[in-house]
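A closer look at the structure
One-letter residues, chain by chain:
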Amino acid sequence: MSASHITIAGVNKVFKTDSREVVALKDINLEIPQGQFVCLLGPSGCGKSTLLNAVAGFAPPSSGRIHADGQLVSGPGPERGMVFQEYALFPWMTVEKNIAFGLEIKGLPPARIAAKVDQLLAMLSLGDFKQRFPKDLSGGMRQRVAIARVLALDSPIMLMDEPFGALDALTRRNLQDELLRIWSELKKTIIFVTHSIEEAIYLADRIVVMTYRPGTVKRDILVELPRLRDPASAEFNALKRELGQLVMEEQQRHHNDEIRVAAID
């Protein structure tokens with residue numbers, strides 16, 4: 001076994017329908033060390049979420065292997081926490097109860113649960129909302145609760161599928177900064193799916209650019225800009241132009257493929 005926190009070795013994913021097979025992922029190989037923040041970047045249809053779901057254990061690869069925290073991934077596990085774009089909160093539970101849910105399932109003593117929940121409420125500035133229900137919260141506050149619920153389980157790996165994609169620009173930037181603060185404090189290993197080039201540069205230690213279907217690794221780029229990063233800086237924008245070119249090449253392949261399919265039909 002590699003010493004990497006996450007090892008993705010020769011992963012392929014094929015979806016079968018009655019009429020054809022669709023190759024979603026082809027020969028993905030990645031080594032992600034402990035504590036690294038990795039963004040998966042690429043156009044729609046490149047397999048970013050498919051790869052993340054494979055690491056989460058929700059959709060096993062057709063071939064190849066994934067190890068996470070030293071264990072072969074064969075299904076969901078407590079060492080991997082998942083944050084979705086859709087928040088996935090229980091609407092009938094308060095903020096406090098949503099965060100506590102996983103800890104109660106684990107059977108922790110009530111005093112320990114209460115202490116952990118209070119810690120996370122403070123960490124994510126949710127203390128004034130602990131008795132509110134999800135319907136009473138903004139999108140940004142709901143996503144804070146979703147992140148707190150994953151953090152409550154102390155998973156060393158966080159998997160995040162476009163968690164800020166539905167938020168307005170200001171809320172998105174605030175939550176990006178909150179996530180970076182939490183990551184710096186807790187030293188989690190993060191795989192973060194995004195289609196936003198600027199978001200990837202702002203957050204990541206490393207950006208993995210994926211090709212349009214079949215999804216493969218087009219480029220694997222270390223981001224060496226100092227934190228906190230300034231999106232107006234020349235260095236930031238030089239990398240943004242480089243990544244923009246890579247993504248646009250794949251977007252054009254997607255467009256050409258759609259034209260070809262339409263012509264066949």
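Please refer to the structure placed before this passage.
Here is a short report on the structure shown in this document.

Helix and strand counts for the protein chain stand at seven helices and ten strands. Taking 2.2 N^0.38 as the reference for a compact globule, 265 residues should give roughly 18 Å; the C-alpha atoms of the protein chain span a radius of gyration of 19 Å, in line with that estimate. In terms of principal-axis extent, the alpha carbons of the protein chain reach across some 60 × 45 × 40 Å. Across the 265 residues in the protein chain, those meeting the buried criterion constitute 49%.

On to the pairing of strand β8 (residues 189-194). Of all six residues in β8, six are buried, a share of seventy percent or more. Neither face of β8 is exposed, since T189, I191 and V193 on one face and I190, F192 and T194 on the opposite face are all buried. Two elements, strand β3 (residues 37-41) and β8, share five bridges in a ladder whose sense is parallel. Directly across from L40, in β8, lies its bridge partner V193. For the handedness criterion, the β-α-β arrangement of strand β7 (residues 157-161), helix α5 (residues 169-186) and β8 is classed as right-handed.

With that out of the way, let us pick up the side chain of R206. Along the chain, R206 turns up in strand β9 (residues 206-210). Residue class for R206 comes out buried when judged on its relative accessible area of 8%. With near-sequence residues (within four places) excluded, R206 lies in contact with L30, E31, I32, P33, Q36, F37, V38, C39, D220, I221, L222 and V223.

The subject of this paragraph is α5. Look at α5: 26 Å from first C-alpha to last across 18 residues, which is about the 26 Å you get at 1.5 Å a residue. Where α5 is concerned, the buried positions are R172, L175, Q176, E178, L179, L180, I182 and W183. Close packing links the buried residues of α5 with β3, α3 (110-123), α4 (139-152), β7, β8 and α6 (197-203). Trailing α5 by a residue or two, K187 shows a phi angle of about 60 degrees, which is positive.

Enumeration according to the criterion identifies 18 salt bridges in this entry. The residue E198 makes a salt bridge to R173 at a minimum N-O spacing of 3.3 Å. Of this pair, E198 sits in helix α6 while R173 is found in helix α5, placing the two residues 25 residues apart along the sequence. Here E198 falls in the partly exposed class, since its relative accessible area comes to 27%. The salt bridge involving E249 is made with K218; its shortest N-O contact spans 2.9 Å. With E249 in helix α7 (residues 234-264) and K218 in strand β10 (residues 217-222), the pair connects residues that are 31 residues apart, well separated along the chain. The exposure class of E249 is partly exposed, given its relative accessible area of 34%.

So, on to the packing of aromatic side chains. Throughout the structure, instances matching the rule amount to six aromatic pairs. A ring pair is formed by F37 and W183, whose centres lie 5.6 Å apart and whose planes are at 80 degrees; its orientation type is edge-to-face. Within this pair, whereas F37 is found in strand β3, its partner W183 is found in helix α5, the two being separated by 146 residues in sequence. On the basis of relative accessibility, which here comes to 0%, the residue F37 falls in the buried class.

Conventions used here
- Residues numbered from 1 in each chain as written.
- Predicted model: local features only at pLDDT ≥ 70, side-chain atom pairs only at ≥ 80, totals over all residues.
- Heavy atoms only, no water.
- Helix = DSSP H or I, 4+ residues; strand = E, 2+ residues; numbered from the N terminus.
- Rg over C-alpha atoms; globule rule 2.2 N^0.38 Å.
- Buried < 20%, exposed > 50% of the residue type's maximum accessible area, 1.4 Å probe, protein only.
- Pairing = 2+ DSSP bridges.
- Right-handed = clockwise from strand over helix to strand, strands pointing away.
- Contact = heavy atoms within 4.5 Å.
- Expected span 1.5 Å × (residues − 1).
- Salt bridge = Lys/Arg side-chain N within 4 Å of Asp/Glu carboxyl O.
- Phe/Tyr/Trp six-rings, centres within 6.5 Å; stacked < 30°, edge-to-face > 60°.

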